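Listed below are the residues making up each chain.
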Amino acid sequence: MSALSDEALCGAFLAGDATAFGQLFERHRGLVFSLMRRYTVSAEDAADLTQQAFLRALEASRRVFARFTPTTPTPFRSWLVRVALNLAKNHARQGLRWRPVLVESVTDDLAADLSEGADASLERTQQGQRVRQAVLALPRRQREVLTLRVDGGLPFKDIAETLGITENNAKVQFHHAVKRLKADVAEETQ
């Protein structure tokens, strides 16, 4: 893995070094995958969307990177996250998120359920459904900030840059999302 900054790698890519984009891919693949995982049913779908996000970024990169000069660094990470989020939202909007489950995964879940006990398995499944529904019920901005913070592990500064909001606004949105999730899940539990 290269010790070069994202900005240096973007510059190298613009100068014709094709391996520079590969290094950017290796550096940010985990982040993009974790974001995609929130919008997909399976890890395979998330991996496919991750590849699509990087392909879209590669296709647009020369046009986007050319806008930046040596005095204005390329915000590659936040730009890539924006590309990935748009792709993920489109994927979810198209209804691909709720595909039928494969029989193999049902039998694997059943085997796990039998080993841990029916009551514990039912409680775990119901808790997961409550949290998933509560996240989906959040306002769009709160859901985006929560996803970027929890799944993407992004600092508030990067979240703000990615979503085009202030850092304070990102913190407030996250606070309200967590507060609302706690209340919704507690209400459902009772």
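Sequence order as written defines the numbering, with residues in each chain counted from 1. A pLDDT threshold of at least 70 governs which residues receive local features in this predicted model, and a stricter bar of 80 or more applies before side-chain atom pairs are shown or counted, although totals over entire chains, interfaces and linings include all residues. Side-chain calculation: all heavy atoms of the structure are included, whereas hydrogens and water are not.

(A) Inspection of helix H7 (residues 140-151) at higher detail. The secondary structure listing takes helices from DSSP runs of H or I that are at least 4 residues long and strands from runs of E that are at least 2 residues long, numbered from the N terminus. In a helix, the anticipated span is given by 1.5 Å times the number of residues less one. For H7, with 12 residues, the first-to-last C-alpha span of 16 Å sits near the 16 Å given by 1.5 Å per residue. Residues of H7 that are buried include every one of Gln142, Glu144, Val145, Leu146, Thr147, Leu148 and Asp151, and no others. Only protein chains enter the calculation, and the probe is 1.4 Å; a residue is then buried if its accessible area is under 20% of its type maximum, exposed if over 50%, and partly exposed in between.

(B) How the structure looks around the environment of phenylalanine 33. Inspection of the secondary structure assignment puts phenylalanine 33 in helix H2 (residues 18-38). Each C-alpha atom of the pair phenylalanine 33 and aspartate 48 lies 9.1 Å from the other, and the pair is 15 residues apart in sequence. Those residues in contact with phenylalanine 33 that lie beyond four places of it in its chain are Ala43, Ala46, Ala47 and Thr50. Contacts: residue pairs with any heavy atoms within 4.5 Å of one another.

(C) Quick peek at the packing of helix H3 (residues 43-65) against helix H4 (residues 76-93). Contact pair H3 / H4: the axes reach a minimum separation of 9 Å and the direction vectors enclose 130°. When the axes of H3 and H4 are compared, the pair comes out oblique. As H3 runs across H4, the sense of the crossing is right-handed. Each of Leu49, Gln52, Ala53, Phe54, Arg56, Ala57, Ala60, Ser61, Val64 and Phe65 in H3 lies in contact with H4, whose residues at this interface are Phe76, Trp79, Leu80, Val83, Ala84, Leu87 and His91. Within the contact of H3 with H4, the residues separate by chemical class into 13 nonpolar, three polar and one charged. Only the stretch in contact is used when a helix axis is fitted, and all axes are lines through C-alpha atoms; the angle between N-to-C directions ranges over 0 to 180 degrees. Here roughly perpendicular refers to angles of 65 to 115 degrees, roughly parallel to angles under 35, roughly antiparallel to angles over 145, and oblique to all remaining angles. Crossing handedness: left-handed means the near helix sits turned counterclockwise from the far one by under a right angle, and right-handed means the same turn made clockwise. Any residue that is not Ala, Val, Leu, Ile, Met, Phe, Trp, Tyr, Cys, Pro, Asp, Glu, Lys or Arg is counted as polar, Gly included; the first ten are nonpolar and the last four charged.

(D) Highlighting H4. Taking 1.5 Å as the rise per residue, H4 with 18 residues should run 26 Å; its terminal C-alpha atoms sit 26 Å apart, in good agreement. Buried positions along H4 lie against helix H1 (6-14), H2, H3, H7 and helix H8 (156-163).

(E) Region of the structure containing the packing of H2 against H3. Two elements in contact, H2 and H3, have axes whose closest approach is 9 Å; the angle formed by their N-to-C orientations is 135°. Comparing their axes, H3 and H2 come out oblique. The handedness of the crossing between H2 and H3 comes out as right-handed. Here Phe21, Leu24, Phe25, His28, Arg29, Val32, Phe33, Met36 and Arg37 of H2 come into contact with H3, specifically with Ala43, Ala46, Ala47, Leu49, Thr50, Ala53, Phe54, Ala57, Leu58 and Ser61. For the contact of H2 with H3, the class distribution of residues is 14 nonpolar, three polar and two charged.

(F) How the structure looks around the nonpolar core. One finds Met36, Phe76, Trp79, Leu148 and Ile159 to be the most contacted residues of the largest nonpolar core, which totals 46 residues. If we ignore the near neighbours within four places in the chain, the residues touching methionine 36 are Ala46, Leu49, Thr50, Ala53, Ala84, Leu87 and Ala88. Buried Ala, Val, Leu, Ile, Met, Phe, Trp, Tyr and Cys residues that are joined via side-chain atoms within 4.5 Å together make up what is termed a nonpolar core.

(G) Quick peek at the packing of aromatic side chains. Centres within 6.5 Å are what make two rings of Phe, Tyr or Trp a pair, Trp counting through its six-membered ring; a difference in plane orientation under 30 degrees is then read as stacked, over 60 as edge-to-face, and the rest as tilted. Going through the model one piece at a time under the given rule, you end up with five aromatic pairs. Between phenylalanine 13 and phenylalanine 21 the ring centres are 5.4 Å apart and the planes differ by 45°, which places this aromatic pair in the tilted class. Per residue, the accessibility class of phenylalanine 13 equals that of phenylalanine 21, and both read buried. Centre to centre, the rings of phenylalanine 76 and tryptophan 79 are 5.9 Å apart; their planes meet at 55°, and the pair counts as tilted. Here phenylalanine 76 and its partner tryptophan 79 are both found in helix H4, three residues apart, which amounts to about one turn of the helix. Of the two residues, phenylalanine 76 and tryptophan 79, both sit in the buried class. Connected via pairs of aromatic rings, a cluster forms that spans Phe13, Phe21, Phe76 and Trp79. Throughout this description, the term charge over a ring refers to an Arg CZ or Lys NZ atom that lies within 6 Å of the ring centre and within 35 degrees of the ring normal. The ring of phenylalanine 156 has arginine 149 lying over it, and the distance from NZ or CZ to the ring centre is 4.2 Å.

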